[in-house]
Amino acid sequence: MPNVLNEYKLELFEKKMVDLSNSFLEKTAPNPTVLASGFMGVTGLSLASAAAHGAGMVTIKSLSLEPRKGHKTPVIVGFEAGLLNAVGLSNPGVVNGVEELKVAKKKAGVPVIASVFADTAENFAKAAAAVMPAEPDFLEIDISCPNVDSEFGIPFAADPGAAADVTKACKKVIGSVPLIVKLSPNVAAIAPVAKSVEAAGADALDCINTLKGMVIDPVARRPVLTNKFGGVSGPALKPVAIRCVYECYKAVKIPIIGTGGVTTGKDAVEMMMAGASAVGVGSALYYRGLDAFKLIAGEMKDFMKSEGFKSPRDLVGLAHEN
Ligand SMILES: Cc1cc2nc3c(=O)[nH]c(=O)nc-3n(C[C@H](O)[C@H](O)[C@H](O)COP(=O)(O)O)c2cc1C
C-alpha cells in the first residue's frame, strides 16, 4: 500500500532540490552567471578571482592586435540608474592577453571566454587566431562597442552584412572553438543581425553591449566624459537587454548569453525567461561588489525553490509561452 505521507514528503523534498549547474554549448558551469567583458580587467588572476567569487563562466576584457591606451579620463560616470562609460577599449594587446588567458584557463576552474575586437574583418580574424594558443572554451567577438566610433566608424553590429563578414572571417581560423557574437542595442532592428550572424556560422550570441548615451554636467555646461558619448550599462539597460534577448530568441536557434542590467536573481530569471541560456553580469559588481555572482545565484535559487523549478534550463524562453 502506498504511503501517502511519505510520497507527499518526497514531493516536497524534490521541489526543494534546485541544481543551478548550467550547460552552455556543451560546457558545464556551476551556475548561469557569466562575468561580462570589461569588468575584471585582463589578468588571469582577476578572472580566477571572479570565478572564486561565484562566476559560472568568465570573459576577459576585449583584446586588440596592438596594445591600446583608451580614452582620456574621465571615462566613466554613475547616474541615477546606471553607469556611462567610454573606456575606449584599453587593453594590453593579444600578445600579452594570450598569456593571461592561459593563466585563467589553469586557475579559474570554470569555462573561460576570450574576447577580441578589431577595425576590419581581416584583423578580427588575426586577433582571433592569436588567442587560440590559450585554448579558450569560447571566443567572443566584440563587434558592438559604441565608444570608439570616432576611431573605427559605425560598429559592425549595426549592419547584418558587415556582422556576418566578421563572423565568417573568425570562424575560419578558430577550429572547433565555439564563436559567440556580441550584438548591439544601437540598431533599429536586432533580429536581422542575429539571423545574419547565425547563418554566417555563429554558435551563440551575447545580447547586449552598452547603449549609446550622454551625461552632461550642468555647472560645467559640457558632457562629463572626455569622449562626450559613452555606453549606458546597469539597471537602466535591463529592459532594453530583455527586449533584445526576447527578439533574438524568436529569430534564431543558437543559445544566447543575456547581458545588460542584471543586478539581482530576479533580473537573471527574467533574462532567462526572455530566452537567455546564461546571464552576463557586469555593472552589478559596482553595486554589489565581487559577491554579486554568489548573491545573484543564491537569489535565483530561492526563486526557483519557491516556484518549483529544478534547473536553470527550465526557465529558458518561458516568457514566450504565454
Ligand atoms: C567599463 C566597461 C567596460 C566594458 N568593456 C567591454 C569590453 O572590453 N568588451 C565588451 O564586449 N564589452 C564591454 N563592456 C560591455 C559589458 O560587457 C556589458 O555588455 C554591458 O556593460 C552591459 O552589462 P551590465 O549592465 O551588466 O554592465 C564594458 C562595459 C563597461 C561598463
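Our subject is the structure that appears above.
Residues numbered from 1 in each chain as written. Predicted model: local features only at pLDDT ≥ 70, side-chain atom pairs only at ≥ 80, totals over all residues. Heavy atoms only, no water.

Peer 1: Just to check I follow, could you spell out the overall build of the chain for this structure?
Peer 2: Scanning the chain from terminus to terminus reveals eleven helices and 16 strands. Its C-alpha atoms give the chain a radius of gyration of 20 Å, near enough to 20 Å, the size a compact globule of 322 residues would have. By its C-alpha atoms, the chain is 75 × 50 × 40 Å across when sized along the principal axes. Residue burial in the chain is summarised as follows: out of 322 residues, 53% are buried. (Helix = DSSP H or I, 4+ residues; strand = E, 2+ residues; numbered from the N terminus. Rg over C-alpha atoms; globule rule 2.2 N^0.38 Å. Buried < 20%, exposed > 50% of the residue type's maximum accessible area, 1.4 Å probe, protein only.)

Peer 1: Any chance you could explain the pairing of strand β8 (residues 138-142) here in plain terms?
Peer 2: Within a regular beta strand, the side chains point alternately toward one face of the sheet and then the other, so they alternate between its two faces. Most of β8 is tucked away: five of the five residues are buried. Of the two faces of β8, both are covered, the one formed by F138, E140 and D142 as well as the one formed by L139 and I141. Across four bridges, the pairing between strand β7 (residues 112-116) and β8 is parallel. By the bridge assignment, I113 is partnered in β8 with F138. (Pairing = 2+ DSSP bridges.)

Peer 1: So what exactly am I meant to see when it comes to the packing of helix α7 (residues 191-199) against helix α8 (residues 238-251) here?
Peer 2: When two helices pack together, you describe them by how their axes are tilted relative to each other and by the distance separating the axes. Where α7 meets α8, the closest approach of the two axes is 9 Å, and the angle between their N-to-C directions is 45°. As judged from the angle between their axes, α7 and α8 are oblique. Considering the relative orientation of α7 and α8, their crossing is right-handed. Across the interface between the two elements, A191, A194, K195 and E198 from α7 touch E247, C248 and A251 from α8. For the contact of α7 with α8, the per-class residue count stands at four nonpolar, no polar and three charged. (Axes fitted to C-alpha atoms, helices over the stretch in contact; angles between N-to-C directions. Parallel < 35°, antiparallel > 145°, perpendicular 65-115°, else oblique. Left-handed = near helix turned anticlockwise from the far one by under 90°. Contact = heavy atoms within 4.5 Å. Nonpolar A, V, L, I, M, F, W, Y, C, P; charged D, E, K, R; others polar.)

Peer 1: What am I meant to see in the state of the cysteines here?
Peer 2: A covalent bond bridging the sulfur atoms of two cysteines is what the word disulfide describes. A complete count under the given rule lists zero disulfides for this structure. Not part of a disulfide, C170 finds its nearest cysteine sulfur in C145, a span of 16 Å. The cysteine C207 is free of any disulfide, with C248 supplying the nearest cysteine sulfur at 3.7 Å. Using a relative accessible area of 0% as the deciding quantity, one classes C207 as buried. (Disulfide = S-S within 2.5 Å.)

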